[in-house]
Amino acid sequence: MFSKQLRQYRKISGFTQEQLAAAIGTAKSTVSMYESGKREPDFETIKAISEALNVSMSLLIEGGQTGSRLFQIPVLGYVRAGKPVQAIEEVLGYEDYSSPCEDGEYFALRINGNSMEPRMYNGDTVIVKQQPDVDSGQIAVVLVGGEDATVKKVVKTGNGIALVALNADYSPIFFSYEEVENLPVTVMGKVVELRSRF
């Protein structure tokens, strides 16, 4: 898998094997062996390649889906009430993302706090597909009463919805459907990927 992904993203980035070799401090023949699968790079080399090609390590190692497209999405500090995602001014950076060729807008959000531990930690980044609703049990970015966005598991019941933390130290927050309408409680999108930092 790595050999195929390396060749694909090297070409997307416009590098020749020789140029990539120079960027990571190795020989062209070594890059050629990586791409043919005759040799596997170590962790530090994969990290150097990802930095040179401006592609995440996860994409190089795991790859995208068939027919996917590679693009950059903004990492947002927070989501303001009443504004679409595209209008948010605080952009902390960008993440490479490969998604199926389907309609949809994506953004990323930096995790703040420990309510989603042990699955998500403070400083991690989640990739979010923008959509107005999610199925019960899915993890979503939710805006409550015009405050900053929160990342929680959404559990739907007959009387309303609960925003459930994965950390057992935090109790679920329940909203009746009337409160969902009036506060409001708004789903900004579904979390589709988690990226952790070491």
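Cut-offs used in this document
- Residues numbered from 1 in each chain as written.
- Predicted model: local features only at pLDDT ≥ 70, side-chain atom pairs only at ≥ 80, totals over all residues.
- Heavy atoms only, no water.
- Buried < 20%, exposed > 50% of the residue type's maximum accessible area, 1.4 Å probe, protein only.
- Helix = DSSP H or I, 4+ residues; strand = E, 2+ residues; numbered from the N terminus.
- Arc of directions from axis to C-beta.
- Salt bridge = Lys/Arg side-chain N within 4 Å of Asp/Glu carboxyl O.

Caption draft 1: Fine view of helix α1 (residues 2-12). All buried positions along α1 are accounted for by F2, S3, Q5, L6, Y9 and R10. For α1, the buried positions fall inside an angular range of 160 degrees around the axis, keeping them on one side. In α1, the exposed residues that point more than 90 degrees away from the buried face are K4, K11 and I12. In the stretch just after α1, G14 is the one whose phi turns positive, near 80 degrees.

Caption draft 2: Expanded view of the pattern of salt bridges. In total, this model carries 3 salt bridges according to the counting rule given. A salt bridge links D133 to K156; the nearest nitrogen and oxygen atoms lie 2.9 Å apart. Of this pair, D133 sits in the loop between β4 (125-130) and β5 (139-144) while K156 sits in strand β6 (residues 149-156), and the two are 23 residues apart along the sequence. Judged by relative accessible area, which is 31%, K156 ranks as partly exposed. Notably, a salt bridge pairs E193 with R195, separated by 2.6 Å at the nearest N-O pair. The buried category is assigned to R195, whose relative accessible area is 8%.

Keep in mind that these numbers describe shape and distance, not what the molecule does.
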